[in-house]
Amino acid sequence: MFYINAGAKSPGIHYTILNCILEKEHGKMKIKGLETYVATQRLETPFYFSQFGFSARQTCLVKVIAEDGSYGWGEGYGPASVIRAGIEFLAPLVIGEDPLHVEAIWSKMHLRSLDYARRGVLVAALSAIDIALWDLRGKLLGQPVSILLGGQRREKVKVYATGMYFVETEDLVGKLVEEAREYASQGFQALKMKIGLGVETDLRHAQALRQALGDDVELMVDANHAYSLAEAISFARQAAGLNISFFEEPVSPEDYEGYRELRQRSAIPIAGGECEYLLAGFRQLLSNRCVDIAQPDICAAGGLTETKRIATLASAFQTNLIPHSWGTGIAFAAGLHLVSTLDPVPGRLRMPEAMLEMDRSENPLRDKLTTPQFEVVDGRVAVPTAPGLGVDVDPDYLDEFCKDE
Ligand code: CA
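Residues numbered from 1 in each chain as written. Predicted model: local features only at pLDDT ≥ 70, side-chain atom pairs only at ≥ 80, totals over all residues. Heavy atoms only, no water.

## Description of the coordination of the calcium ion
- Within the protein, the calcium ion binds to Asp222 (OD), Glu248 (OE) and Glu274 (OE); these donor distances fall in the range 2.2 to 2.3 Å.
- You can call aspartate 222 buried: its relative accessible area is 1%.
- Residue classification places glutamate 248 among the buried residues on the basis of a relative accessible area of 1%. (Donors = N, O, S within 2.8 Å, 3.2 Å for Na, K, Ca; no water. Buried < 20%, exposed > 50% of the residue type's maximum accessible area, 1.4 Å probe, protein only.)

## Some thoughts on the environment of arginine 137
- Relative to the helices and strands, arginine 137 resides in helix α5 (residues 121–141).
- Sequence-distant contacts of arginine 137, defined by excluding residues within four places in its chain, comprise Pro99, Leu100, Val102 and Leu148.
- One polar contact links the side chain of arginine 137 to the main-chain carbonyl oxygen of leucine 100, over a distance of 3.3 Å. (Helix = DSSP H or I, 4+ residues; strand = E, 2+ residues; numbered from the N terminus. Contact = heavy atoms within 4.5 Å. Polar contact = N/O pair within 3.5 Å; in protein donor to acceptor, adjacent residues only side chain to side chain.)

## Describing the packing of aromatic side chains
- This model, assessed by the stated rule, comprises 19 aromatic pairs.
- Geometrically, the ring pair formed by phenylalanine 49 and phenylalanine 54 is stacked, given 6.0 Å between the ring centres and 20° between the ring planes.
- Take phenylalanine 49: its relative accessible area is 11%, and that puts it in the buried class.
- Through pairs of rings, three or more aromatic residues link up here, namely Phe47, Phe49, Phe52, Phe54, Tyr165 and Trp326. (Phe/Tyr/Trp six-rings, centres within 6.5 Å; stacked < 30°, edge-to-face > 60°.)

## Regarding helix α7 (residues 172–185)
- Taking 1.5 Å per residue as the helical rise, α7 with its 14 residues ought to reach 20 Å, and the 20 Å between its terminal C-alpha atoms agrees with that figure.
- When we look at burial in α7, the residues that qualify are Leu172, Leu176, Val177, Glu179, Ala180 and Tyr183. The arc that holds every buried residue of α7, seen down its axis, measures 165°, which confines them to one face. Of the residues in α7, the exposed ones pointing more than 90 degrees away from the buried face are Glu178 and Ser185.
- Considering only its buried residues, α7 is in contact with β4 (156–162), β5 (190–194) and α8 (199–213).
- Among the residues trailing α7, glycine 187 stands out with phi positive, at a value near 105°. (Expected span 1.5 Å × (residues − 1). Arc of directions from axis to C-beta.)

## Some remarks on the nonpolar core
- With 121 residues, the main nonpolar core has Phe247 and Leu304 as its most contacted residues.
- The dominant element in this core, judged by the number of residues it contributes, is α5, at 14 residues.
- Counting residues domain by domain, this core receives three or more from each of domain 1 (2–142) and domain 2 (147–401).
- When sequence neighbours within four positions are dropped, the list of residues in contact with phenylalanine 247 reads Ile195, Val221, Ala223, Tyr227, Ala232, Phe235, Ala236, Leu262, Ile268, Pro269, Ile270 and Ala271.
- Formed by eight residues, the second largest nonpolar core is a distinct cluster that contains Tyr160, Phe246, Ala271 and Met355. (Core = buried A, V, L, I, M, F, W, Y, C linked by side-chain atoms within 4.5 Å. Domains from an automatic or database assignment.)

## Notes on the sheet that holds strand β2 (residues 53–66)
- Spatially, β1-β2-β3 is the arrangement adopted by the three strands of the open sheet, whose pairing is antiparallel. Strands with a single pairing partner mark the edges of an open sheet, and in this sheet they are β1 (31–48) and β3 (71–76). Ignoring strand direction, the axes of neighbouring strands in this sheet form an average angle of 25°.
- Pairing between β2 and β3: six bridges, direction antiparallel. Bridging across to β3, isoleucine 65 finds its partner in tyrosine 71.
- Sheet contacts for helix α15 (residues 395–402): β1, β2 and β3; angle to β1, the most-contacted strand, approximately 65°. (Pairing = 2+ DSSP bridges. Axes fitted to C-alpha atoms, helices over the stretch in contact; angles between N-to-C directions.)

## Describing the side chain of serine 127
- Positionally, serine 127 belongs in helix α5.
- Looking at serine 127, the relative accessible area reads 0%, which means it is buried.
- Among the polar contacts listed, one links the side chain of serine 127 to the backbone oxygen of alanine 300, at a separation of 3.3 Å.
- Setting aside residues up to four positions removed in sequence, serine 127 forms contacts with Ile298, Cys299, Ala300, Ala301, Gly302 and Gly303.

So this is what it looks like as structure tokens:
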């Protein structure tokens, strides 16, 4: 450490020397173990979307621990107990490896699981471990993940509020409008509402929100693949005047042809990809020209390692990436670091602004499990500057939320 400040003339040299010294210092360090945690908390107000309902929130976290006691946190997106089993399957491949060699470890996990996991929760398990490795590597190198990913294009990331789920109530429209107004009053400049109950009902809800919000707030809709192609075309046609920024998961994630046809016939940009996995999956989505906006979930699609590659592939298809994010502060921090490095397309002096999903639906895990909490100012969140992801897990809340496991 002493040598760094003595000789470094530029941040680049500084970083190279730092890297060399730490590679040397940590060259023999090994990963000692992995711990998995399934955190669960019941909800005060159960809610549902077009596919099913939630009465509790649950997530699987992984802590990757090095020989010197330093550690990184990761999170998987999907059924938590299944992801935990996947992490236990992959753990022997990771233990004993050097935590600085993140992409090499990724390849090892990928090759061992490819025969069973071209998609699905085993990829989410791999993703959780990969995120933890980036966090750990950042801490060992004394750098935030955004720097390790290639460097920040922005210090703050625009976020959109995801909410407006359905609840059992006499006045669902009133509830949706009130919730949307609340997010707007908190400074969010973009909101995403749920649709997928039926075209006429959905149109009524979208019209009510647009009317309540005025034209200064961006509005997006998410059908969670509840529509047939004909219904999606009908919704897109009838909602064309509502100034909707994107229409998410209109049809089945398996229906690439449906996506492609809808995109040709919809004036509203089409978004999708939260059910897609790995670079090869996104190649299919992108090469079929299915979406205007690709939405990989970092905690499912292959971790930070693979999502960075997906972002590069998307840019080659002139497609922007707005990651899906529906977890705790670990998932959200991973998203902030990645999005801070992205170059939106098309490139121009006044570029389109990169954006990240910020789930605002009831989730005590997200609100309590990690520190520090993220503050929304003018619809944007600052990218953490501490080494690694820049978030840590509160041990007391971890105990509380994992006590039934
Ligand atoms: Ca979604």
